[in-house]
Amino acid sequence: MEHNKTYTENITLVEKIALMLGGMGGVPLFAIISGFLTYFYTNVIGLNAGVVGAIILVSKVFDGVSDLIFGNIIDKTRTKYGVCRPWVMRIAFFGAIGILALFTVPDIGTTGQFIYVFISYNLSQTVIYTIMQLSVISLPTYMTRDTVQRTGLFVWGSIGQSIMTIIITSVTLSLVSAFGGGQKAWIMAGCIYAVMSAVFLFVTGWVCIERVNPDEIAGKEAKVPFLTVLKSILKNKYWFEVLGIVVVGAGVYASSLQMHTYYAQYILGDINIASILNMAYTIPLLVVGFLLLPLSQHVGKKTIMLTGIGIQLLGCILIIIVPRVLPVLILATVMKSIGQSCAATMYQPMLGDAIEYGQWKTGIRSQAAMMGANGAGQKIGQGLVSAVLGGVMAMAGFNGTAAVQSSQAIGSVSGLFLFIPLAFTVIEFIIAYLYDLDKHFSSIMKDLQERNK
């Protein structure tokens, strides 16, 4: 794998560590929503799982639209700090507010609580997390155009995400228990995560340096109307392929983590096993991230992703074969995690390359907008998964506040945990197999260099 020599910049280790902190800072809001929020709404607040799933699905549609809008706004930003950096620093404080808003559901009756859930969820996700995610994951594309260095930066960010994901998924339930359980305990845990998120994000925005000037690269095409940007994205076939990988990958992630708590409590008979499964799913993310840091400099992104998803597929099958033996569940969960780590780490560099392809094909360079369009698909995918999980459980008669669940409700928990990740993994492997931008990227970059002379 060769560097694009023209675009090689001297990125310092301090910046790489700061980008890792940015990955850590963006995780609390995402991990809480993905892993614990549905459980909090159903088993702590006592809301209906089907209605909660419907609210999340509808909200994800708004959330997807906001990704497109804010991505375009970020791309048009011009300050002395750059394009993304000011947004990272601005959103640090609001991210803390977004985390706390999720848990402060007031006791105002069921209808009032559903309204509050809808408003707070959209404030946290549709606005705050959208800006947070787009500004952080787009930052490497403004730090360098060299595909190898850019991949390395994304891996550093992914390592940070893995570290914080491990912390949140492994200690949250214990932390809530230590604080006495109940809603107040969740709010106290949220306060801790909120402070950590705000500090890490501000450091990222302050330290990292943007070296890519979009006005020099794309000229008058750097700031174009939103519809023109959207049309250029829709002409980018590699964006669609990465979008598909992201959507189904988010489905595997959400269906696994969301169902761990339910599966541990109602199938395995011990809710504390959820923390063990969460650690088995998240700790390998960090280990694999460190392994990918040097590996990604020499091995193609598609090869890494396909290998990981193949291991993930075997893990999904193993869980179905042996669904209740804890050591086997842990092993299979680790295998799923390896696939998740490879796919989640590589899709962002793939998007970075798709940005260059998009400029080569259409003449329009859309960086944060491209990331935002993909984030829209990711969030809609997560919303669909949450809606399916909640809807199936509700139809089966699941009631989070009931002392005993019906056999149909128990069966729904088991079926969703076992088969939804498998279905998404098969689709994910097929899409990743079709991706072939790696083969053409060097010639595309040479052509772009010639155009800019």
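Rules behind the numbers
- Residues numbered from 1 in each chain as written.
- Predicted model: local features only at pLDDT ≥ 70, side-chain atom pairs only at ≥ 80, totals over all residues.
- Heavy atoms only, no water.
- Helix = DSSP H or I, 4+ residues; strand = E, 2+ residues; numbered from the N terminus.
- Expected span 1.5 Å × (residues − 1).
- Bend = angle between axes of the 7 residues up to and from the residue.
- Buried < 20%, exposed > 50% of the residue type's maximum accessible area, 1.4 Å probe, protein only.
- Polar contact = N/O pair within 3.5 Å; in protein donor to acceptor, adjacent residues only side chain to side chain.
- Contact = heavy atoms within 4.5 Å.
- Phe/Tyr/Trp six-rings, centres within 6.5 Å; stacked < 30°, edge-to-face > 60°.
- 1 Å grid on protein atoms, 1.4 Å probe; cavity = no way out; pocket = protein on both sides within 12 Å on 5 of 7 lines; lining within 4 Å.
- Points joined across faces, edges and corners; volume = space filled by probe spheres on them.
- Domains from an automatic or database assignment.
- pLDDT = per-residue confidence, 0-100.
- Disulfide = S-S within 2.5 Å.
- Patch = residues over 30% accessible without salt bridge, like charges linked within 9 Å, V, L, I, M, F, W, Y side chains within 5 Å.
- Areas by Shrake-Rupley, 256 points an atom, 1.4 Å probe, with all protein chains shown as cover.
- Salt bridge = Lys/Arg side-chain N within 4 Å of Asp/Glu carboxyl O.

The name given to the protein chain in an unreviewed UniProt entry is GPH family glycoside/pentoside/hexuronide:cation symporter, with Faecalicatena orotica as the source organism.

Chemist: Explain helix α3 (residues 85-103) residue by residue, including any values.
Modeler: Helix length check: α3 (19 residues) gives 29 Å between terminal C-alpha atoms against 27 Å at 1.5 Å per residue, within 8%. Of all the bends found along α3, the most pronounced is centred on alanine 92 and spans about 40°. Most of α3 is tucked away, with 14 of its 19 residues classed as buried.

Chemist: How would you summarise the side chain of glutamine 312 if you had to cite specific residues and measurements?
Modeler: Relative to the elements of secondary structure, glutamine 312 occurs in helix α11 (residues 301-321). Engagement of the side chain of glutamine 312 in a polar contact is seen with the backbone nitrogen of glutamine 340, the distance being 3.1 Å. A polar side-chain atom of glutamine 312 sits 2.8 Å from a polar atom in the side chain of threonine 425. Among residues more than four places away in sequence, those in contact with glutamine 312 are Val252, Met335, Lys336, Gly339, Gln340, Thr425 and Glu428.

Chemist: Lay out the packing of aromatic side chains in plain terms, naming residues and giving numbers.
Modeler: The relative placement of two aromatic rings is captured by the distance of their centres and the angle of their planes. Taken as a whole and judged by the stated rule, the model has 17 aromatic pairs. A ring pair is formed by phenylalanine 36 and tryptophan 186, whose centres lie 6.0 Å apart and whose planes are at 55°; its orientation type is tilted. Of the two residues, phenylalanine 36 is situated in helix α1 (residues 13-45) and tryptophan 186 in helix α6 (residues 182-207); the sequence distance between them amounts to 150 residues. Owing to a relative accessible area of 1%, phenylalanine 36 belongs among the buried residues under this scheme. Given the relative accessible area of 4%, tryptophan 186 is considered buried. Measuring from centroid to centroid gives 5.8 Å for tyrosine 357 and tryptophan 360, while their planes differ by 35°, and the two rings are tilted.

Chemist: Let's hear about the layout of surface pockets: which residues, and what values?
Modeler: For the second largest pocket, the calculated volume is near 200 Å³. Forming the boundary of the second largest pocket are Tyr39, Val44, Leu173, Ser174, Val176, Ser177, Gly181, Gly182, Trp186, Ile271, Asn272 and Ser275. Secondary-structure elements contributing two or more residues to the lining of the second largest pocket are α1, α5 (147-178) and α6. In terms of residue count, α5 provides more of the lining of the second largest pocket than any other element does, four residues in total. Both domains that meet at the lining of the second largest pocket, namely domain 1 (13-220) and domain 2 (222-446), each give it at least three residues.

Chemist: Give a description of the confidence of the model for the protein chain that names residues and reports values.
Modeler: Overall, the predicted model of the protein chain reaches an average pLDDT of 85, with 94% of residues at or above 70. At the low end of the mean pLDDT range in the protein chain sits helix α7 (residues 214-218), at 69; at the high end sits α11, at 94. Segment residues 1-6 is flagged for pLDDT under 50; beyond a separation of four residues in sequence, or across chains, it makes 18 contacts in the model.

Chemist: Summarise the state of the cysteines; cite the residues concerned and give the values.
Modeler: Taken as a whole and assessed by the stated rule, the structure comprises zero disulfides. Looking at the unpaired cysteine 84, the closest cysteine sulfur is the one in cysteine 208, lying at 10 Å. On the basis of relative accessible area, cysteine 84 is assigned to the buried category, the value being 0%. The structure places no disulfide on cysteine 316, whose sulfur is separated from the nearest cysteine sulfur, that of cysteine 342, by 14 Å. Since its relative accessible area comes to 2%, cysteine 316 is described here as buried.

Chemist: Report on a nonpolar patch on the surface, specifying residues and quantitative values.
Modeler: On the surface, Val58, Phe62, Ile115, Phe118 and Ile119 cluster together into a nonpolar patch covering about 450 Å² of accessible area. Listing elements by their share of the nonpolar patch, those giving two or more residues are α2 (49-75) and α4 (109-143). Sorting elements by how many residues they give to the nonpolar patch places α4 first, with three residues.

Chemist: So what about the environment of glycine 35? Which residues, and what values?
Modeler: Tracing the chain through its elements places glycine 35 in helix α1. According to the relative accessible area criterion, glycine 35 is buried, its value standing at 9%. In this structure, the C-alpha to C-alpha distance between glycine 35 and threonine 169, residues 134 residues apart in sequence, is 7.2 Å. Setting aside anything within four residues of it in sequence, one finds glycine 35 in contact with Leu257, Gln258 and Thr261.

Chemist: Please provide a residue-by-residue account of α5, values included.
Modeler: The end-to-end C-alpha distance of α5, which contains 32 residues, comes to 45 Å, matching closely the 46 Å that a straight helix rising 1.5 Å per residue would cover. Counting buried positions over the 32 residues of α5 gives 24, a clear majority of the element. The first or second residue beyond α5 is glycine 180, which carries a positive phi of 105°.

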